[in-house]
Amino acid sequence: MQDAKTRLDAWRAAETRRDGLVRGTPEWQEADEEVRNAKQAFDAAFAQAYAQYTEERYEAEHPRWSAHLERRTSPTE
């Protein structure tokens, strides 16, 4: 979740930089691209954190299923 927080902070900082520029200028357009990239990075980090949280919660609620799945997906020796 820390990565998502870091990405959110970067997205906010990019928006702040962009908002200080004159809209439509080349500098603003470049800053706007940085905002879009920062948002994408945040979305990806958030999705990953959410998937991990959901998986951990499911495993806690279904310990027998998790052990069964772990045995089936472990490499054979």
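The shown structure was predicted, so the numbers you read here are calculated from the model rather than taken from an experiment.

**Quick notes on the packing of helix α1 (residues 2-19) against helix α2 (residues 26-61)**
Line of reasoning, step 1. At a closest axis distance of 8 Å, the pairing of α1 and α2 adopts a crossing angle of 165 degrees. In terms of axis orientation, α1 runs roughly antiparallel to α2. Crossing angle aside, the handedness with which α1 passes α2 is left-handed. Residue-level contacts link Asp-3, Ala-4, Arg-7, Leu-8, Ala-10, Trp-11, Ala-14, Glu-15, Arg-17 and Arg-18 of α1 to Trp-28, Ala-31, Asp-32, Glu-34, Val-35, Ala-38, Lys-39, Ala-41, Phe-42, Ala-45 and Phe-46 of α2.
Line of reasoning, step 2. Here the residues of the contact of α1 with α2 are counted per class, giving 13 nonpolar, no polar and eight charged.

**Considerations on the nonpolar core**
Line of reasoning, step 1. By size, the foremost hydrophobic cluster in this structure holds seven residues: Ala-4, Trp-11, Ala-14, Val-35, Ala-38, Phe-42 and Ala-45.
Line of reasoning, step 2. Considering each element in turn, this core owes the most residues, four residues, to α2.
Line of reasoning, step 3. Among residues more than four places away in sequence, those in contact with Trp-11 are Val-35, Ala-38, Lys-39 and Phe-42.

Reading the values: the criteria
- Residues numbered from 1 in each chain as written.
- Predicted model: local features only at pLDDT ≥ 70, side-chain atom pairs only at ≥ 80, totals over all residues.
- Heavy atoms only, no water.
- Axes fitted to C-alpha atoms, helices over the stretch in contact; angles between N-to-C directions.
- Helix = DSSP H or I, 4+ residues; strand = E, 2+ residues; numbered from the N terminus.
- Parallel < 35°, antiparallel > 145°, perpendicular 65-115°, else oblique.
- Left-handed = near helix turned anticlockwise from the far one by under 90°.
- Contact = heavy atoms within 4.5 Å.
- Nonpolar A, V, L, I, M, F, W, Y, C, P; charged D, E, K, R; others polar.
- Core = buried A, V, L, I, M, F, W, Y, C linked by side-chain atoms within 4.5 Å.
- Buried < 20%, exposed > 50% of the residue type's maximum accessible area, 1.4 Å probe, protein only.

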